[in-house]
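Residue-level structural notes
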Amino acid sequence: MKMMRKKIKLGDLLVSAGAISEEELMEALSKQKELGMKLGQTLVQLDYISQDILNATLQQQLGIEFISLAGIKLDDNILALVPENLIEKYRAIPIEFDETNPNVLRVAMSDPMDIIAIDDLSIATNYQIEPLLCSDEDIDITIGKYFGNREAMEAAEQYRAEMQSEGLSQAEEQEYNEDVENSPIVKIVKGILENAVRQRTSDIHIEPMETQVRVRYRIDGALQVVQRLDIGMMPGISARLKIMGGMDIAEKRKPQDGRITVMVDRKEFDVRVSILPTCYGEKIVMRMTSKEGLTKPKSELGFSPDELIKFDGILSNPHGIILVTGPTGSGKSTTLYTALSELNTEDVNIITVEDPVEANIDGINQVMVNVKADMTFAAALRSILRQDPDIIMIGEIRDEETAAIAVKAAITGHLVVSTLHTNSAASTITRLIDMGQEPYTVADALVGVIAQRLVRRLCTCKQPRIAEDYEATMLGVPGESVTIYEPGGNQNCGVCGGNGYRGRIGVYEILPITHTIQKIIAAGGTSDQIEEQAIKEGLKTLRMAAANLVLNGTTSIAEMKKIAYEAEDMM
């Protein structure tokens, strides 16, 4: 054992190392029970110490190795050595045997100083335990990944057994579903939501089929089947989510929408629930968002250095319209919130109109559209203009009236940021004109357009190959011998789990409105004329930007094809 076999108090160790003060320790100890966390987590939560400094101090003072579980594929046989109840109780995950001593089991722990835990693990496994320090986040993700589905399936079995043993009639079953707080259904729904968060899911699909319920997660833009449940689970799942989302539990014939707030691993997530009746039951789709996920630093959006300069240049305009365009799921909201965070200073008044508000940002006044109360985008905007705004964010320009108010606000000295559903930056300009705005007012109001898409990043297990001739032409380097990468598809890869991709990156087409382009717009020029001039001025189209990501090995040519529109030019 590398660790000293005596009880060491974490707080005393951190104080003696100078990482925290005695007063901070006392405050954390008094808050610990209130927050329901261990001391280390409490200190990090109170911002008295960072997780990195906490880890470094423990490593240095105790000689305990720190391990990151990201990218490690664990052996099921080794995981089975420790009972699941002990893994969850002590937040301890067996990793491997020591290379030099097969009697020593190396175990990742969020609290490697817990002597009682180490003793219990040693008794349970009949091995000597070498504790390794691991972050709480890594432990949570790993437990969810390897044990989450198992727990949900056990809950499903329990639910089915209860239904069969009680022999409930349809009316009694309805009553049972309404009283789900003490039901295994709670565990099933909780497990589905928690596992989704830990696997970076954007959407959850719960789909009733003829004999089963299929649960799919959309991860990095692609749907993956994660669970199959008995069809008898569906009424309970639906009832539980209706209760959580404030919907009508008795209504099964009409579509319903609701909203749920859940806490997973001490982070708050907003879940928008949509329920749609189908021939086999109610299909449920849940969109997962978090404040942290939408408010990223601009350095994490995937801008190239040149694109970052253009982005900053557009945001520096004191008034005018900035539009972000792209289809659903292309990252528009993240770019908008990032732009607002950049502009959010004490000396400006920022007001947003959204449907719905996707993330709350301190210092920004956010208004939610409510059609039933006649609070439409246009109605909200008219009221907002009397609230002395400097910057206005409109969730989406959907109609002629909203477009007219946005243009008027921009011309009268406000900065307006919004979204449109168009295919390219240039076509966004003509879309505004098609919505009834005069070309000369659009030319005067518009200061920049950002068209964007998301492509999946290749995992580190990617495989190189030489591009075919037609692919080199597609990438803008005809006749050249270039190396591109394909997803490796390594089933043993602990990073991507065998699908070849991990995470996504933005692809951007940034069009600042210069004087020359203003003239073309005012003269009623077409989107092709606007784009032709913009390319002369240095515009990189979405296709060009995607080609660069393929050439530098960030993504695959298959991902590029999904966002390139000029199909006839590509082949």
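Residues numbered from 1 in each chain as written. Predicted model: local features only at pLDDT ≥ 70, side-chain atom pairs only at ≥ 80, totals over all residues. Heavy atoms only, no water.

Points about the overall build of the chain
A tally of helices and strands in the chain yields 24 helices and 18 strands. Expressed as a percentage of its 571 residues, the buried residues of the chain come to 49%. A separation of at least 24 residues holds for 62% of the contacts in the chain among residues at least 6 apart in sequence. (Helix = DSSP H or I, 4+ residues; strand = E, 2+ residues; numbered from the N terminus. Buried < 20%, exposed > 50% of the residue type's maximum accessible area, 1.4 Å probe, protein only. Contact = heavy atoms within 4.5 Å.)

Some words on the confidence of the model for the chain
When pLDDT is averaged along the chain, the result is 84, and 89% of the positions lie at 70 or above. For residues 1-5, every residue scores under 50 in pLDDT, and the model assigns this stretch 19 contacts once sequence neighbours within four places are set aside. In the model, residues 565-571 has pLDDT below 50 throughout and makes 11 contacts with residues more than four positions away in sequence or in other chains. (pLDDT = per-residue confidence, 0-100.)

What to know about the side chain of E282
With respect to the element layout, E282 can be found in strand 9 (residues 281-290). A distance of 2.7 Å separates polar atoms of two side chains, one belonging to E282 and the other to S238. At a separation of 2.9 Å, a polar atom in the side chain of E282 contacts the side chain of K242. For E282, the residues in contact, after removing those within four places along its chain, are I206, P208, M234, S238, K242, E251, K252, I275, L276 and P277. (Polar contact = N/O pair within 3.5 Å; in protein donor to acceptor, adjacent residues only side chain to side chain.)

So, the sheet that holds strand 14 (residues 415-420)
Strand order in the open sheet made by the 7 strands is 12-11-13-14-10-15-18, with mixed pairing throughout. Either end of the sheet is taken by a strand with one partner, and the two such strands are strand 12 (365-368) and strand 18 (501-512). The mean inter-strand angle of the sheet, taken between neighbouring strand axes irrespective of direction, is 20°. Inspection of the sheet shows strand 10 (residues 320-325) paired to strand 14 by 6 bridges, in the parallel sense. When the sheet's bridge partners are listed, I322 is paired in strand 14 with V417. Each of strand 10, strand 11 (350-354), strand 12, strand 13 (391-394), strand 14, strand 15 (446-458) and strand 18 is contacted by helix 14 (residues 332-343), which is oriented at about 170° to strand 14, the strand it contacts most. The strands that helix 17 (residues 425-434) touches are strand 10, strand 14, strand 15 and strand 18; relative to strand 15, the one it contacts most, it runs at about 135°. (Pairing = 2+ DSSP bridges. Axes fitted to C-alpha atoms, helices over the stretch in contact; angles between N-to-C directions.)

Points about the environment of C496
Assignment of secondary structure puts C496 in the loop between strand 17 (483-486) and strand 18. Sequence separation between C496 and C461 is 35 residues; the distance between their C-alpha atoms is 8.4 Å. Those residues in contact with C496, other than ones at most four positions away along the chain, are C459, C461 and Y501.

Overview of the nonpolar core
Counting residues in hydrophobic clusters, the biggest one holds 59 residues, and the most contacted among them are I321, I429, L446 and L511. Excluding residues within four positions of it along the chain, L511 makes contact with I314, A425, A426, I429, G448, V449, I517, I530, A534 and L539. (Core = buried A, V, L, I, M, F, W, Y, C linked by side-chain atoms within 4.5 Å.)

Considering the environment of I93
The residue I93 is located in strand 1 (residues 92-97) in this model. Expressed as a C-alpha distance, the spacing of I93 and I143, which sit 50 residues apart in the sequence, is 8.1 Å. Not counting the four nearest positions on each side in its chain, I93 is found in contact with L69, L74, L79, I87, R106, V107, A108, I139, T142 and I143.

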